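Here is what each chain is made of, one letter per residue.
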Amino acid sequence: MINRRTFSKAVSLGTGTAAVSLSGLGAPAYAASDTPRPGGGTTSAPTVPAPAPGTHIAFARLKHVRAGVLDISYAEAGPAHGPVVLCLHGWPYDIHSFVDVAPLLADLGYRVIVPYLRGHGDTHFLSRHTPRTAEQSAVALDIVALMDALGIDKAVLAGFDWGSRTADIIAALWPERVKALVSTGGYLITDVKAQLEPAAPAVEHTWWYQWYFASERGKKTLEDPKDRDALCRYVWTLVSPTWDFDDATFERTARAFRNPDYAAIVLFNYRWRIGLIKGDPRYDGYEKRLAAQPAIHVPTLTLDAALDPFTAPGDGSAYRHHFTGPYEHRTLANIGHNLPQEAPTAFVQAVVDADHL
């Protein structure tokens, strides 16, 4: 999920954090405002309306496109020629984290693309010979390939968890492809070497499943459908303590875990990140660049969920230096890890406001 270097001091939740109370289903997160533009002048950022609870439970239909080493399954909403927003999910989640976000953005005139990441849902490898690896750069290159396949030169990238990391990487290595960035959890690019060092006991405890996946027991759990679903649902309850999701909501997402490569991709990602296995050599050059923790220069709005156990205290100060362009940070009170699904209005407002930075 999140680079633990980012939250190495996260022993308690919310300490020293100025939390903004934003409800995904309550009043609009921010009023329309005149936002300064680089070089002078202002432009008005619209206020995002709140959806009624239960209005959106699924995407109308999915599309497919061959992109890089994958056949990528994705949802699309909004006008075909609107400015593009790519919404990127994390683990253990899927595109339904954006089931309310996508129509809100579409109503504002954006073309919204929500892809299943490799190993999830109906996204499949084109060849059985392609190694089922999941280095951070491999996942990012999947999304660059998706943009190429769809003829998208530049987009706003918005994500959480694996999705934030993926968006951060694209913004760092291919900034010409990114109009603006919304990164939940801040700067999440992984430095594998730094991961080899122990963290504070409370941080190590928070990452219990990462160590579990390093074991044969964890592997067996992910490979068994019943045990895997139980594990993923338990993670949801831990990292989103106030999110009152029902069985149907979990089941809609759990279908994405039935991809035949799901266990291999998840296990590879977590084992690779703590240095237990080596990546595919084809990605070594990218990983060397990412190990240097490159700065992100594109306009960026970072979000922290106050109840997410991976959120470091300090209101984003731990990673502020990584963002060198126009920048804003917000902390959301009473929201957990799956921020787009728990607080869709606040997430959409962040996208709109980042686009106006």
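This is a predicted model, so every value here is computed, not measured.

Visitor: Help me understand the layout of surface pockets, please; the structure alone is not making it clear to me.
Guide: Once rolled over the atoms, a probe with the size of a water molecule shows which space is left empty. Each pocket or cavity is described by its volume, and for the second largest pocket that value is around 280 Å³. If you trace the second largest pocket, you find 16 residues lining it, with Val192, Trp272, Gly279, Asp284 and Glu287 closest to the centre. Elements with a contribution of two residues or more to the lining of the second largest pocket: helix 4 (192-195) and helix 11 (284-291). The biggest single contributor to the lining of the second largest pocket is helix 11, with four residues. In the lining of the second largest pocket, the residues fall into four nonpolar, four polar and eight charged.

Visitor: I tried to follow empty space enclosed by the protein on my own but got confused; where do I start?
Guide: Counted according to the given criterion, the structure contains one cavity of 30 Å³ or more. Considered as a void within the structure, the largest cavity measures approximately 40 Å³ in volume. Lining of the largest cavity is provided by Ala134, Glu135, Gln136, Val139, Trp162, Arg165, Thr166 and Asn269. Where the lining of the largest cavity is concerned, the elements lending two or more residues are helix 2 (136-149) and helix 3 (162-173). The leading source of residues in the lining of the largest cavity is helix 3, at three residues. Class assignment of the residues belonging to the lining of the largest cavity gives a composition of three nonpolar, three polar and two charged.

Visitor: Looking at this structure, I do not really get the environment of Arg61. What am I missing?
Guide: Relative to the helices and strands, Arg61 is located in the loop between strand 2 (42-45) and strand 3 (62-67). The spacing of Arg61 and Ala75 is 14 residues in sequence and 6.7 Å in space, taken between C-alpha atoms.

Visitor: Honestly, the pattern of salt bridges in this entry has me stumped. Any pointers?
Guide: Pairing of side chains with opposite charge becomes possible as their charged atoms draw close. The full count for this structure, using the stated rule, is 14 salt bridges. One salt bridge in this structure joins Glu76 and Lys63, with 3.0 Å as the shortest N-O distance. Placement of Glu76 in strand 4 (residues 70-77) and of Lys63 in strand 3 is noted, with a sequence separation of 13 residues between them. Glu328 is the salt-bridge partner of Arg330, the closest N and O atoms lying 2.9 Å from each other. For Arg330, a relative accessible area of 3% corresponds to the buried category. In this structure, a network of salt bridges that share partners links the residues Arg228, Asp229, Glu251 and Arg258.

Visitor: Which parts of the structure should I look at to understand the packing of helix 2 against helix 3?
Guide: Packed helices, taken two at a time, are described by their axes: the angle between them and the distance between them. At their nearest, the axes of helix 2 and helix 3 sit 9 Å apart, and the two run at 75 degrees to each other. Put simply, helix 2 runs roughly perpendicular to helix 3. On helix 3, the residues touching Gln136, Ser137, Val139, Ala140, Ile143 and Val144 of helix 2 are Arg165, Thr166, Ile169 and Ile170. Its residues placed into classes, the contact of helix 2 with helix 3 shows six nonpolar, three polar and one charged.

Visitor: Help me out: how do you make sense of the pairing of strand 11 (residues 327-332) in this one?
Guide: Side chains on a regular strand alternate between the two faces of the sheet. Within strand 11, five of the six residues are buried, leaving the element largely enclosed by the surrounding structure. Here strand 10 (residues 300-305) pairs with strand 11 via six bridges, running parallel. Pairing of Ala305 across the sheet is with Leu332, part of strand 11.

Visitor: For this particular structure, what's the right way to read helix 2?
Guide: Think of an α-helix as turning once every 3.6 residues; residues three or four places apart then point the same way. For helix 2, which comprises 14 residues, the first-to-last C-alpha distance of 20 Å matches the rise-based estimate of 20 Å (1.5 Å per residue) to within 8%. By the criterion of burial, helix 2 is predominantly enclosed, with twelve of the 14 residues buried. Among the residues of helix 2, those classed as buried are Gln136, Ser137, Ala138, Val139, Ala140, Leu141, Asp142, Ile143, Val144, Ala145, Leu146 and Met147. Looking at the residues trailing helix 2, positive phi occurs at Gly151, about 70 degrees.

Visitor: Just to check I follow, could you spell out helix 10 (residues 262-273) for this structure?
Guide: For helix 10, which comprises twelve residues, the first-to-last C-alpha distance of 17 Å matches the rise-based estimate of 16 Å (1.5 Å per residue) to within 8%. Burial within helix 10 is extensive, with eleven of its twelve residues counted as buried. Looking at helix 10, one finds that the buried residues are Tyr262, Ala263, Ile265, Val266, Leu267, Phe268, Asn269, Tyr270, Arg271, Trp272 and Arg273. Directly after helix 10, the chain includes Gly275, whose backbone phi takes a positive value near 80 degrees.

Visitor: Is there a simple way to explain unusual backbone geometry in this structure?
Guide: Both trends apply: most residues other than glycine have a negative phi, and most peptide bonds are in trans. For the peptide bond that leads from Trp91 to Pro92, omega is 0 degrees, which places it in the cis range. Relative to the helices and strands, Pro92 is located in the loop between strand 5 (84-88) and helix 1 (101-107). The backbone of Asp161 shows a phi angle near 60 degrees, a positive value even though the residue is not glycine. Considering the arrangement of structural elements, one finds Asp161 in the loop between strand 8 (155-159) and helix 3. Of note, the phi angle at Asp315 is positive, near 55 degrees, even though the residue is not glycine. Relative to the assigned elements, Asp315 resides in the loop between strand 10 and strand 11.

Visitor: Teacher, can you tell me more about the side chain of His120 here?
Guide: Considering the arrangement of structural elements, one finds His120 in the loop between strand 6 (111-115) and strand 7 (124-125). Looking at His120, its side chain comes within polar contact range of the main-chain oxygen of Arg118, at 3.0 Å. Those residues in contact with His120, other than ones at most four positions away along the chain, are His89, Trp91, Tyr93, Trp162, Ala256, Asn259 and Tyr262.

Visitor: What is the right way to look at the environment of Tyr262 in this model?
Guide: You can see Tyr262 is positioned in helix 10. In this structure, the C-alpha to C-alpha distance between Tyr262 and Arg118, residues 144 residues apart in sequence, is 8.1 Å. The contacts of Tyr262, once residues within four sequence positions are left out, are Trp91, Pro92, Gly119, His120, Leu222, Arg228, Cys232, Ala256 and Phe257.

The rules behind the values
- Residues numbered from 1 in each chain as written.
- Predicted model: local features only at pLDDT ≥ 70, side-chain atom pairs only at ≥ 80, totals over all residues.
- Heavy atoms only, no water.
- 1 Å grid on protein atoms, 1.4 Å probe; cavity = no way out; pocket = protein on both sides within 12 Å on 5 of 7 lines; lining within 4 Å.
- Points joined across faces, edges and corners; volume = space filled by probe spheres on them.
- Helix = DSSP H or I, 4+ residues; strand = E, 2+ residues; numbered from the N terminus.
- Nonpolar A, V, L, I, M, F, W, Y, C, P; charged D, E, K, R; others polar.
- Salt bridge = Lys/Arg side-chain N within 4 Å of Asp/Glu carboxyl O.
- Buried < 20%, exposed > 50% of the residue type's maximum accessible area, 1.4 Å probe, protein only.
- Axes fitted to C-alpha atoms, helices over the stretch in contact; angles between N-to-C directions.
- Parallel < 35°, antiparallel > 145°, perpendicular 65-115°, else oblique.
- Contact = heavy atoms within 4.5 Å.
- Pairing = 2+ DSSP bridges.
- Expected span 1.5 Å × (residues − 1).
- Polar contact = N/O pair within 3.5 Å; in protein donor to acceptor, adjacent residues only side chain to side chain.

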